[in-house]
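The chain contents come next:
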Amino acid sequence: MKNITLSADEGLIAEARHRAAAEKTTLNAVFRQWLADYVGRNRQAEKAMATIHELQATYGTGGRRFTREEMNER
């Protein structure tokens, strides 16, 4: 695991440590989870776009535009 150094306001760090302690975790663990979530959102968006492009290549409307009523039919 690689170490990094971050800078932030002392008061903010103290509050964050207090909150982490109340949640029975550490600021380091909270940051690692945040970093994983941050990267995961981008990966999830890329995967979703790949699926959309795959579906667009497979299914088409032939240029036909649907009316609001057709799009909302159940």
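Here the structure is a predicted model, which means the values were calculated and not measured.

Undergrad: Explain the overall build of the protein chain here, please?
TA: A tally of helices and strands in the protein chain yields 3 helices and 0 strands. Reading the helices (α) and strands (β) of the protein chain from amino to carboxyl end gives α-α-α. Here the C-alpha atoms of the protein chain give a radius of gyration of 22 Å, more than 25% beyond the 11 Å that 2.2 N^0.38 yields for 74 residues. By principal-axis analysis of the C-alpha atoms, the protein chain measures approximately 60 × 30 × 20 Å. Within the span of the protein chain, comprising 74 residues, buried residues form 1% of the whole. For the protein chain, the exposed area adds up to about 7,500 Å²; of that, 53% sits on carbon and sulfur atoms. Of the charged side chains in the protein chain, 12 are positive and 10 negative, and the gap between their average positions amounts to 4 Å.

Undergrad: When you look at the packing of aromatic side chains in this model, what are you seeing that I'm missing?
TA: In this description, an aromatic ring pair is defined by two values, namely the gap between the centres and the angle between the planes. Under the criterion given, the structure shown has 2 aromatic pairs. Centroid distance Trp34 to Tyr38: 5.0 Å. Interplanar angle 20 degrees. Geometry classified as stacked. Note that Trp34 and Tyr38 are positioned in helix α2 (residues 27-58) at a spacing of 4 residues, about one turn of the helix. Residue classification places Tyr38 among the partly exposed positions, given a relative accessible area of 47%. In this structure an aromatic cluster arises from ring pairing among Phe31, Trp34 and Tyr38.

Undergrad: Please clarify how the confidence of the model for the protein chain should be interpreted in this entry.
TA: Interpreting fine coordinate detail is not advised for predicted regions of low pLDDT. Chain-level pLDDT for the protein chain is 92 on average; 100% of the residues reach the 70-or-more range. Between the elements of the protein chain, mean pLDDT differs from a low of 90, seen in helix α3 (residues 68-71), to a high of 97, seen in helix α1 (residues 10-22).

Undergrad: What should I look at first to understand the pattern of salt bridges in this one?
TA: For side chains bearing opposite charge, pairing can occur when the charged atoms are close. Scanning the entire structure with this criterion turns up 2 salt bridges. Measuring nitrogen to oxygen at the nearest pair gives 2.5 Å for the salt bridge that ties Glu70 to Arg64. Residue classification places Glu70 among the partly exposed residues on the basis of a relative accessible area of 30%. Residue Arg64 is classed as partly exposed on the basis of its relative accessible area, which comes to 43%.

Conventions and cut-offs
Residues numbered from 1 in each chain as written. Predicted model: local features only at pLDDT ≥ 70, side-chain atom pairs only at ≥ 80, totals over all residues. Heavy atoms only, no water. Helix = DSSP H or I, 4+ residues; strand = E, 2+ residues; numbered from the N terminus. Rg over C-alpha atoms; globule rule 2.2 N^0.38 Å. Buried < 20%, exposed > 50% of the residue type's maximum accessible area, 1.4 Å probe, protein only. Areas by Shrake-Rupley, 256 points an atom, 1.4 Å probe, with all protein chains shown as cover. Lys, Arg positive; Asp, Glu negative; His and termini not counted. Charge placed at Lys NZ, Arg CZ, Asp CG, Glu CD. Phe/Tyr/Trp six-rings, centres within 6.5 Å; stacked < 30°, edge-to-face > 60°. pLDDT = per-residue confidence, 0-100. Salt bridge = Lys/Arg side-chain N within 4 Å of Asp/Glu carboxyl O.

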